[in-house]
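# Structural description and commentary
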Amino acid sequence: MNTQSTSVSVLIVGAGLGGLSTALFLGLHGVPALVVERHPGTSTQPKARGQMPPAMEALRAAGLEKEFLAAAPPGRPEMTIVIAESVTGRVLHSITEAMPDFGLFSPAPVGMVSQERAEPLLAARAAGLGADIRFSTYLESFTDGPDGVTAVLRDTAGGETYEVHAAFLVGADGHRGRIREAAGIGTHGRGTLGENTSVLFEAGLDLVLDGAAVQMHYLQNPELPGGSGAFVSTDTPGRYVAAVEEPTDDAHARELVRLVTGVPGLDVKILGSTVWSTACRVADRFSSGRVHLVGDAAHVMPPTGGQGGNTALMDGYHLAWKLAAVVRGQAGPGLLDSHDAERRPFAEFVVEQQYANMVQRTAPHLADDTVAELVDAASALFGYRCPAGAFLPEPGDGVLLEHPAAPSGRPGARAPHVVLGDGRSTRDLYGRGFVLLTGSRAWRTGAARASERLGVPVAVPTLDGDWTGAHGVTASGAVLVRPDGIVAWRSAAEGDPGTVEHALRTVLDR
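An unreviewed UniProt entry lists the protein under the name FAD-dependent oxidoreductase, with Streptomyces hiroshimensis given as the organism. Under the UniProt heading Cofactor (unreviewed entry), the entry covering the protein gives this text: "FAD".

Below, the structure is given as structure tokens:
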């Protein structure tokens, strides 16, 4: 072993969506991270596709919105998502047609980028913000102590091992990773549900598709093995993925592709296949000591609904500002307790929603009284209320979700999208630091004093337009919003300016 050791603030193991997102947003908050990944580079498979507006808001704050929009696959900038008998067969239900207008709840568009293209974009921006990303690097072991984490890393190309000391370790090493178990964290949920095979193939299907950039067909067809399957377009024209039960050989795979597409005699070129497991599993805790979990290391879900990648990316977004605040001495260690309190209930909700989607779209035979009721897309994406965490709670009804068309503005909820007089959204104000929404001079004074005393910047923007109703305050009230766009505290009307400092101290464990 190399006797020289390196010290870093945050060591992130895994350069997937969760790990790279954490590194990106740590860099945005002024804390460069060390990221290690056992593979030689980012993903070479499309994997997760699509970014919902909350993820695109986060990417906009990081300066990546334009890059993600430009990286969308060719075709009409829309998604076609249906339940059907085959790609060319009878449509049983159109999921996209049932989607609400997300523009009512967010200023950001929907992204259509695959994981294969998203990861290099995240990695490049994270590196530009100071992250040190090392591929072909394996975590051999780690110890979590009172003064930090000591990790033993191995360069798989050269074989050299060396130590790294970090204040915190982020486990982003996926569902097959070892960090969660090594940290003594178990899992709960439905467990492994079965195995599928993704067959990558080329075929001339342009004439039977509708020209949308993203095509996703969930299939219910008794002629398919198990009676179900899926079809997904990729970033490369003429190249697609069929998800089916494992074919016996290429000839069998070609026949299954013809069943999936509904085109007998289709000329199919098989490029390869990948076997993967479908599972519903959530870590019992998202944090243990100085170790924090994100992405598939924390939660594994069926792909139906497309929220696995979004949840991983947003894990990093919500965790990074907290890690950065503790590393920079702006917050006490108790702030990091909120990672589990806030993100685990959301993950449990999303995992069960994805399972319910799977039952509805490809496995109706699994329907029973344990399947969650499907929640409307707007509430699922924009309406989550953290049941506990880094905010000053108000007496409430314990409801986990609200509809964004009638936002409460309560602490622990997503700060609502309100279009201001200059055309900006209040959501465009968030992503980099604390923001106080107010029209009161007294609250402005309180924010300035709190910022000076605590060494924590608090932006107080000039607001043109009626933003108060959606936030549940009056014109003389105030709303403190965290860097990740979650309401931290509010006062319906003018009060003691020192309350702003109290709110910040409470949130930051000061």
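### A short note on the packing of aromatic side chains
Using the criterion set out here, one finds ten aromatic pairs in the structure. Ring plane angle 75° and centroid distance 5.4 Å describe the contact between Trp 443 and Trp 489, whose orientation is recorded as edge-to-face. In this pair, Trp 443 sits in helix H10 (residues 441-454) while Trp 489 sits in strand E22 (residues 487-491), placing the two residues 46 residues apart along the sequence. Judged by its relative accessible area of 1%, Trp 443 falls in the buried class. For Trp 489, a relative accessible area of 7% puts it in the buried group. Among the aromatic residues, those joined into a cluster by ring pairs are Phe 102, Phe 105 and Phe 382. Above the plane of the ring of Tyr 355 lies Arg 190, whose end atom (NZ or CZ) is 3.9 Å from the centre.

### Let's talk about the sheet that holds strand E18 (residues 299-300)
An order of E5-E4-E12-E13-E14-E11-E15-E18 is seen for the eight strands of this open sheet, with the pairing classed as mixed. Looking at strand neighbours, the two that pair on one side only are strand E5 (91-94) and E18, the edges of this open sheet. Inspection of the sheet shows strand E13 (residues 228-233) paired to strand E14 (residues 239-244) by four bridges, in the antiparallel sense. Looking across to E14, one finds that Phe 231 is bridged to Ala 242. Set on the sheet, helix H8 (residues 338-361) makes contact with strand E4 (76-84), strand E11 (187-202), strand E12 (212-220), strand E15 (269-283) and E18; between it and E15 the angle comes to about 130°.

### Looking at empty space enclosed by the protein
Vacant regions in the atomic arrangement are exposed by a probe of water-molecule size rolled over the atoms. Applying the stated rule across the entire model yields one cavity of 30 Å³ or more. Roughly 80 Å³ of internal volume is contained in the largest cavity. What lines the largest cavity is a set of 15 residues, and nearest its centre among them are Leu 17, Gly 50, Gln 51, Gly 309 and Asn 310. For the lining of the largest cavity, the secondary structure elements donating two or more residues are strand E3 (49-51), strand E6 (111-114), helix H4 (115-128) and helix H7 (308-327).

### Section: the pairing of strand E19 (residues 434-438)
The buried fraction of E19 is high, at five of five residues. By the alternation rule, side chains of E19 split into Phe 434, Leu 436 and Thr 438 and Val 435 and Leu 437, which are all buried. With H10 bridging E19 and the parallel strand E20 (residues 458-459), this β-α-β connection has right-handed handedness. Where E19 lies against strand E21 (residues 478-481), four bridges are found, and the strand directions are antiparallel. By the bridge assignment for E21, Leu 437 is matched with Val 479.

### Points about the packing of H7 against H8
Relative orientation of the contacting elements H7 and H8 amounts to 175°, with a least axis distance of 11 Å. In terms of orientation, H7 lies roughly antiparallel with respect to H8. Across the interface between the two elements, Gly 308, Thr 311, Met 314, Asp 315, His 318, Leu 319 and Lys 322 of H7 pack against Ser 338, His 339, Glu 342, Arg 343, Phe 346, Val 350 and Gln 354 of H8. Of the residues that constitute the contact of H7 with H8, the class distribution is four nonpolar, six polar and four charged.

### Let's talk about the sheet that holds E19
Taken in spatial order, the four strands of this open sheet run E20-E19-E21-E22, and their pairing is mixed. Each edge of the open sheet carries a strand with a single partner, namely E20 and E22. Sitting on the sheet, H10 touches E19, E20, E21 and E22, and the angle it makes with E19 is about 165°. Where helix H12 (residues 498-507) meets the sheet, it contacts E19, E20, E21 and E22, and its direction lies at approximately 155° from that of E22.

### Some words on the pattern of salt bridges
All chains considered together, the criterion is met by 26 salt bridges. For the salt bridge of Arg 344 with Glu 348, the shortest nitrogen-to-oxygen distance reads 3.5 Å. Taken as a pair, Arg 344 and Glu 348 lie in helix H8 at a separation of four residues, close to a single helical turn. Residue Arg 344 is classed as partly exposed on the basis of its relative accessible area, which comes to 22%. Here Glu 348 falls in the partly exposed class, since its relative accessible area comes to 28%. A network of salt bridges, in which partner residues are shared, links Lys 322, Glu 342, Arg 482 and Asp 484.

### Quick look at H12
Every buried residue belonging to H12 is among Val 500, Glu 501, Ala 503, Leu 504 and Val 507, and all of these are buried. Angularly, the buried residues of H12 cover 160° about the axis, an arc narrow enough to put them on a single face. Of the residues trailing H12, Asp 509 is marked for its positive phi of about 55°.

### A short note on the environment of Gly 446
Here Gly 446 lies in helix H10. Given the relative accessible area of 4%, Gly 446 is considered buried. Separated by 42 residues in sequence, Gly 446 and Pro 404 have C-alpha atoms that sit 30 Å apart. Excluding residues within four positions of it along the chain, Gly 446 makes contact with Pro 497 and Val 500.

### Things to note about the nonpolar core
Residues Ile 12, Leu 26, Phe 434, Leu 480 and Trp 489 are the most contacted members of the largest nonpolar core, which totals 65 residues. The dominant element in this core, judged by the number of residues it contributes, is H7, at eleven residues. Non-local contacts of Leu 26, meaning those with residues more than four positions away in its chain, are made with Val 10, Ile 12, Val 31, Ala 33, Ala 320, Leu 323 and Ala 324. Counting residues in hydrophobic clusters, the runner-up holds 37 residues, among them Val 149, Phe 346, Met 358 and Leu 401.

### What about H10?
Given 3.6 residues per helical turn, the α-helix brings residues three or four places apart onto the same face. Look at H10: 20 Å from first C-alpha to last across 14 residues, which is about the 20 Å you get at 1.5 Å a residue. Along H10, the positions that sit buried rather than exposed are Trp 443, Gly 446, Ala 447, Ala 450, Ser 451 and Leu 454. The arc that holds the buried residues of H10, viewed along the axis, is 130°, so those residues lie on one side. Away from the buried face of H10 by more than 90 degrees, exposed residues Arg 441, Arg 449, Glu 452 and Arg 453 are located. Next to the buried residues of H10 lie E19, E20, E21, E22 and H12. Between the side-chain oxygen at the start of H10 and the backbone nitrogen of Ala 442 there is a gap of 3.2 Å, and the oxygen is on Ser 440. Phi turns positive one or two residues past the end of H10, at Gly 455, with a value near 70°.

Calculation rules
Residues numbered from 1 in each chain as written. Predicted model: local features only at pLDDT ≥ 70, side-chain atom pairs only at ≥ 80, totals over all residues. Heavy atoms only, no water. UniProt positions renumbered as here; feature names shortened; annotations may be inferred. Phe/Tyr/Trp six-rings, centres within 6.5 Å; stacked < 30°, edge-to-face > 60°. Helix = DSSP H or I, 4+ residues; strand = E, 2+ residues; numbered from the N terminus. Buried < 20%, exposed > 50% of the residue type's maximum accessible area, 1.4 Å probe, protein only. Lys NZ or Arg CZ within 6 Å of the ring centre and 35° of its normal. Pairing = 2+ DSSP bridges. Contact = heavy atoms within 4.5 Å. Axes fitted to C-alpha atoms, helices over the stretch in contact; angles between N-to-C directions. 1 Å grid on protein atoms, 1.4 Å probe; cavity = no way out; pocket = protein on both sides within 12 Å on 5 of 7 lines; lining within 4 Å. Points joined across faces, edges and corners; volume = space filled by probe spheres on them. Right-handed = clockwise from strand over helix to strand, strands pointing away. Parallel < 35°, antiparallel > 145°, perpendicular 65-115°, else oblique. Nonpolar A, V, L, I, M, F, W, Y, C, P; charged D, E, K, R; others polar. Salt bridge = Lys/Arg side-chain N within 4 Å of Asp/Glu carboxyl O. Arc of directions from axis to C-beta. Core = buried A, V, L, I, M, F, W, Y, C linked by side-chain atoms within 4.5 Å. Expected span 1.5 Å × (residues − 1). Polar contact = N/O pair within 3.5 Å; in protein donor to acceptor, adjacent residues only side chain to side chain.

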